[in-house]
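In case you want the letters, here they are:
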Amino acid sequence: MPHDAPALDLPALLPSAWAAVLRPHLDPDRTAELGRFVAAEYAAHTVYPPVEDLLSAYRLCAPQDCRVLILGQDPYHRAGQAHGLSFSVRDGVRIPPSLRNVFKELAEDVGVPAPRSGDLTGWAAQGVLLLNAVLTVREGNANSHAGKGWEAFTDATIKALDARDTRVVFLLWGGYARKKRDLITNPAHVVLEAGHPSPLNPRGFLGSRPFSAANKALADAGLPTVDWDLSVG
C-alpha cells in the first residue's frame, strides 16, 4: 500500500490534556511519519484495535488523574480482542491466558475474586493507564508494528508522567516493559517490576503482589488507592 492514505494526525486525536503534555516529548516529523504508516496499514490490512479504539487508554484516563501505569507490549492480534487497553478484552470475549494469570494474582494478592469479564475499563476509570508500548498490530501477526514509531510515542507518555510531581506507580511486567524503567527518573514515582504474566513465563509474575504494592505506594504518598475489584455490577 503506498503511503498516500490520508495520514492520521495522532496528536490531534488525543484528548487535549494529553496532547499538551506529550507535545514537548514528541518529534513532529517522526510522529507525522507514524501517522502516515498507521493510516496506510488500516487502509490495506485488518489492524487491531479498531481505529475508533486506538487511543482509548488516553480517553479513559486523563494525565492529571493517572496514578498507576500498567505497560503491555502490543495489542491482541485476533478478532474481537483488542480495544485499546493493555491486557483488556471486551465483556463477552474469552479471557486470554495472560489476563487469566493477572486475575489469578489479583485473587491471591488482594483477595479479589477473578472477574467473569476481561474488560479492565473499571481500572482505567480510577486512574490506571492501561498502555501498550505499540498501539496497533496486523491481524494474526504479533509485534508486526513494532519498530515503526509507536515506541517513541508511548515513551513520550512515560516521560510526560515522569515529569509530574504527583506519584505515579509504574507496573512493568516482562522484559520488554522493564526496559522502560530508565525513562523513569523522578524520585516521586515508584517502579514495580515483575515477569510477564504469560503462561509461557512460568515464574516471575505469580507471587509478585503488584496490586497491594501499588496501593501501598499510593497510600505512602497520601493518594487514594485503587479498588481492583472489577466484579461489582
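Just so it is clear, the model here is predicted, and its values are computed rather than measured.

**Student:** Explanation requested: the overall build of the protein in the structure shown.
**Tutor:** Along its length, the protein carries nine helices and six strands. Over its C-alpha atoms the protein spans a radius of gyration of 17 Å, differing by no more than 12% from the 17 Å that the globule rule assigns to 233 residues. Structurally, the protein occupies a C-alpha span of about 50 × 40 × 35 Å along its principal axes. Counting all 233 residues of the protein, 50% fall into the buried class. Side chains of the protein give 23 positive and 25 negative charges; the mean places of these two sets differ by 5 Å.

**Student:** Explain the layout of surface pockets here, please?
**Tutor:** With a probe scaled to a water molecule rolled over the atoms, the places where space remains empty come into view. Here the largest pocket is characterised by a volume of approximately 730 Å³. Around the largest pocket sit 37 residues that line it, and D74, P75, Y76, S98 and H196 are the ones nearest its centre. Looking at which element gives the most residues to the lining of the largest pocket, the answer is strand β3 (residues 128-132), with three residues. In the lining of the largest pocket, the residues fall into 21 nonpolar, 13 polar and three charged.

**Student:** What exactly am I supposed to notice about the sheet that holds strand β6 (residues 190-194) here?
**Tutor:** One key point about sheets: their strands pair by backbone hydrogen bonds, in either a parallel or an antiparallel sense. Strand order in the open sheet formed by four strands is β3-β2-β5-β6, with parallel pairing between adjacent strands. The open sheet is flanked by β3 and β6, the only strands paired with a single partner. The average undirected angle you get between the axes of adjacent strands in this sheet is 20°. Sheet topology note: the strand β5 (residues 169-173)/β6 ladder contains five bridges and is parallel. By the bridge assignment for β6, L172 is matched with E193. Most of the contacts of helix α9 (residues 210-220) go to β5, to which it runs at about 160°, and overall it touches β2 (68-72), β5 and β6.

**Student:** Can you walk me through helix α7 (residues 150-162) in this structure?
**Tutor:** One turn of an α-helix holds 3.6 residues; hence residues three or four places apart share an orientation. Between its terminal C-alpha atoms α7 stretches 18 Å, which fits the 18 Å expected from 13 residues at 1.5 Å a residue. Among the residues of α7, W150, E151, F153, T154, D155, A156, T157, I158, A160, L161 and D162 are the ones counted as buried.

**Student:** Looking at this model, I keep getting lost on the side chain of S198. Mind explaining?
**Tutor:** Take S198: it is sitting in the loop between β6 and α9. Discounting chain neighbours no more than four positions away, the residues touching S198 are S98 and N101.

**Student:** What is the right way to look at the UniProt feature "active site" (unreviewed entry) in the protein in this model?
**Tutor:** As annotated in UniProt, the feature "active site" (unreviewed entry) corresponds to D74 in the numbering used here. With respect to the element layout, D74 can be found in the loop between β2 and α5 (97-110). The exposure class assigned to D74 is buried, which follows from its relative accessible area of 17%. The contacts of D74, once residues within four sequence positions are left out, are N132, V134, V137, A142, N143 and S144. A polar atom in the side chain of D74 sits 2.7 Å from the backbone nitrogen of N143.

**Student:** Which parts of the structure should I look at to understand the packing of aromatic side chains?
**Tutor:** For any pair of aromatic rings, the description rests on two quantities: the centre-to-centre distance and the angle between the ring planes. A full pass over the atoms with the stated rule returns nine aromatic pairs. Ring centres 6.2 Å apart and planes at 80° place the aromatic pair Y58 and F153 in the edge-to-face group. With a gap of 95 residues between them, Y58 in helix α4 (residues 56-60) and F153 in helix α7 connect regions that are remote in the sequence. Where W123 meets W228, the ring centres are 5.0 Å apart and the plane angle is 90°; that geometry is what we call edge-to-face. Pair noted here: W123 is in helix α6 (residues 121-124) and W228 is in the segment after α9, with a separation of 105 residues, a long-range link. A residue is classified by how much of its surface remains accessible, and W123, at 1% relative accessible area, is buried. Judged by its relative accessible area of 2%, W228 is buried.

**Student:** Quick question: what am I supposed to make of the pairing of β2 here?
**Tutor:** Along a regular strand, successive side chains alternate from one face of the sheet to the other. Burial runs high along β2: five of the five residues are buried. With burial as the criterion, each face of β2 is covered, one bearing V68, I70 and G72 and the other bearing L69 and L71. Where β2 meets β3, five bridges bridge the pair, whose relative direction is parallel. Across the sheet, residue V68 finds its bridge partner in β3, namely V128. Both β2 and β5 contribute to a ladder of four bridges, which runs parallel. Pairing of V68 across the sheet is with V169, part of β5.

Conventions used here
Residues numbered from 1 in each chain as written. Predicted model: local features only at pLDDT ≥ 70, side-chain atom pairs only at ≥ 80, totals over all residues. Heavy atoms only, no water. Helix = DSSP H or I, 4+ residues; strand = E, 2+ residues; numbered from the N terminus. Rg over C-alpha atoms; globule rule 2.2 N^0.38 Å. Buried < 20%, exposed > 50% of the residue type's maximum accessible area, 1.4 Å probe, protein only. Lys, Arg positive; Asp, Glu negative; His and termini not counted. Charge placed at Lys NZ, Arg CZ, Asp CG, Glu CD. 1 Å grid on protein atoms, 1.4 Å probe; cavity = no way out; pocket = protein on both sides within 12 Å on 5 of 7 lines; lining within 4 Å. Points joined across faces, edges and corners; volume = space filled by probe spheres on them. Nonpolar A, V, L, I, M, F, W, Y, C, P; charged D, E, K, R; others polar. Pairing = 2+ DSSP bridges. Axes fitted to C-alpha atoms, helices over the stretch in contact; angles between N-to-C directions. Contact = heavy atoms within 4.5 Å. Expected span 1.5 Å × (residues − 1). UniProt positions renumbered as here; feature names shortened; annotations may be inferred. Polar contact = N/O pair within 3.5 Å; in protein donor to acceptor, adjacent residues only side chain to side chain. Phe/Tyr/Trp six-rings, centres within 6.5 Å; stacked < 30°, edge-to-face > 60°.

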